[in-house]
Amino acid sequence: MSQIITHADLLKLVDGLLSSGTKVIAPKLVKPGTVLYESLTAGTEWVPNGTDVVRPGNSLKEVVFPKHEKIYGYTLEGKTIGMTDAVLDDTPQVVMGAAPCDAASLAILDAVFHWDYQDEFFDHHKARTTVVTLACQKADGHCFCTSVGGSPKDERGSDAMLFDLGDGRYEVRCLTEKGKSLFAGKTTEGNAKPTEFAGPEKTFDVEKIRQFLETGFADSIWQEVSLRCIGCGTCAYLCPTCHCFDIVDERATRTTGNRVKNWDSCQFGLFTQHASGHNPRADQGQRQRQRILHKFMIYPDKFGSFLCTGCGNCSRRCPVGLGVKPVLAAITAKLK
Ligand code: SF4
Ligand code: SF4
């Protein structure tokens, strides 16, 4: 037996959450041609993935790892420094219709935010978030989840998964207690089964790419693929798994201010620039190499999973048509 919910009842569920004060984040049309994960004001604003777009232009990491976040406030009184904890938003939030490659990133990021330091901010946001994923029914030329261990129905990071039955109904599979609680009493039993979508064709042999990375540090490919890179950082900012941030003090008045964290990117020249002016990663080729090494060698060697879900956002949004997939394609071509 399957658990079934109609699209109309799902929208009612969203409206009920909104009226009870829960924040609902879902793919939403923010301007013609642009769908982003955004807060909804009504269930009808939700644009299920696969209707107008394959997936939103931004990434889901924003719900647990905001672009900008206060760590604490400070005051100066003579030689006395006062500190006040940041007040974190406690509002419960539900993500409706996440792409599986985005939800999976939340599980991947768990490792780095619980490594040598337990990140209370990440935990706080994760605890207040329930993720409902919509299994994919189509892919575009940038998707490559199946090459990096993912799939259109990847369950990692999801509390519940929806499968479009193609007739205005979804099969609901609850995966955690949060998912069960969200859908309790909202579904009916039925026998319908979704059409299975196999996902994008497997394009890369990541193990062969990893072998290349072991010895290819000085290879000319890094310069060749990166000549067109303008170092804008879009690839990292829209990537669900990139997680670098910088900590800075922002002064409000002469005696008060906040210590905050802001997203950063290894594709920026200033990311590694020393105070002396020396930069150990002096050009985009070296920065691109670092991004690929981190995603396919350093992170998996340390934490056991690729730092990439194959969502394709980096190449889909790169202004010069670069991103991880074209780089992996260039390495694969070189290995033939
Ligand atoms: S690869 Fe593309 S998106 Fe990334 S920094 Fe270079 S130009 Fe920007
Ligand atoms: S590196 Fe590119 S394809 Fe991989 S998760 Fe990040 S945005 Fe998606």
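Structure: see above.
Residues numbered from 1 in each chain as written. Chains lettered and ligands numbered in written order. Predicted model: local features only at pLDDT ≥ 70, side-chain atom pairs only at ≥ 80, totals over all residues. Heavy atoms only, no water.

Q: Even after reading the chapter, I still don't get the site of ligand 2, so can you show me in this structure?
A: The local shell around ligand 2 holds 14 residues, among which Cys239, Cys308, Cys311, Gly312 and Cys314 are the closest. Sorting the residues of the shell around ligand 2 by element identifies helix H8 (284-303) and helix H9 (313-317) as the ones contributing at least two each. The class makeup of the residues in the shell around ligand 2 is seven nonpolar, five polar and two charged. (Near = heavy atom within 4 Å. Helix = DSSP H or I, 4+ residues; strand = E, 2+ residues; numbered from the N terminus. Nonpolar A, V, L, I, M, F, W, Y, C, P; charged D, E, K, R; others polar.)

Q: Before we go on, may I ask you to explain the sheet that holds strand S5 (residues 80-85) in this structure?
A: Strands belonging to one sheet form pairs held by backbone hydrogen bonds; the direction of such a pair is parallel or antiparallel. Spatially, S5-S4-S12-S11 is the arrangement adopted by the four strands of the open sheet, whose pairing is antiparallel. A single partner strand is all that each edge strand has here, and the edge strands are S5 and strand S11 (245-251). Between one strand and the next, the sheet's axes are offset by a mean angle of 25 degrees, whatever the strand orientation. Note: strand S4 (residues 68-77) against S5, six bridges, orientation antiparallel. Each residue of the ladder has a partner; that of Glu77, found in S5, is Thr80. (Pairing = 2+ DSSP bridges. Axes fitted to C-alpha atoms, helices over the stretch in contact; angles between N-to-C directions.)

Q: I would appreciate a short explanation of the environment of Ala42 in the present structure.
A: Take Ala42: it is sitting in the loop between strand S3 (34-39) and S4. Look at Ala42 and you get partly exposed, because its relative accessible area is 23%. Residues contacting Ala42, with those up to four places away along its chain left out, are Asp15 and Leu18. (Buried < 20%, exposed > 50% of the residue type's maximum accessible area, 1.4 Å probe, protein only. Contact = heavy atoms within 4.5 Å.)

Q: Help me understand the site of ligand 1, please; the structure alone is not making it clear to me.
A: Neighbouring ligand 1 are 13 residues, the closest being Cys229, Cys232, Gly233, Cys235 and Cys318. Looking at the shell around ligand 1 residue by residue, the class counts come to eight nonpolar, five polar and no charged.

Q: Sorry, what's going on with the pattern of salt bridges here?
A: Pairing is possible between side chains that carry opposite charge, provided their charged atoms lie close to one another. Scanning the entire structure with this criterion turns up 18 salt bridges. Put simply, Asp89 and Arg128 hold a salt bridge, and the shortest N to O gap is 3.8 Å. With Asp89 in the loop between S5 and strand S6 (93-98) and Arg128 in the loop between helix H3 (120-127) and strand S7 (129-134), the pair connects residues that are 39 residues apart, well separated along the chain. Judged by relative accessible area, which is 36%, Asp89 ranks as partly exposed. Close ionic contact of Arg316 with Asp140 constitutes a salt bridge, the shortest N to O distance being 2.8 Å. Taken together, the positions of Arg316 in helix H9 and Asp140 in the loop between S7 and strand S8 (160-164) put the pair 176 residues apart, joining distant regions of the chain. (Salt bridge = Lys/Arg side-chain N within 4 Å of Asp/Glu carboxyl O.)

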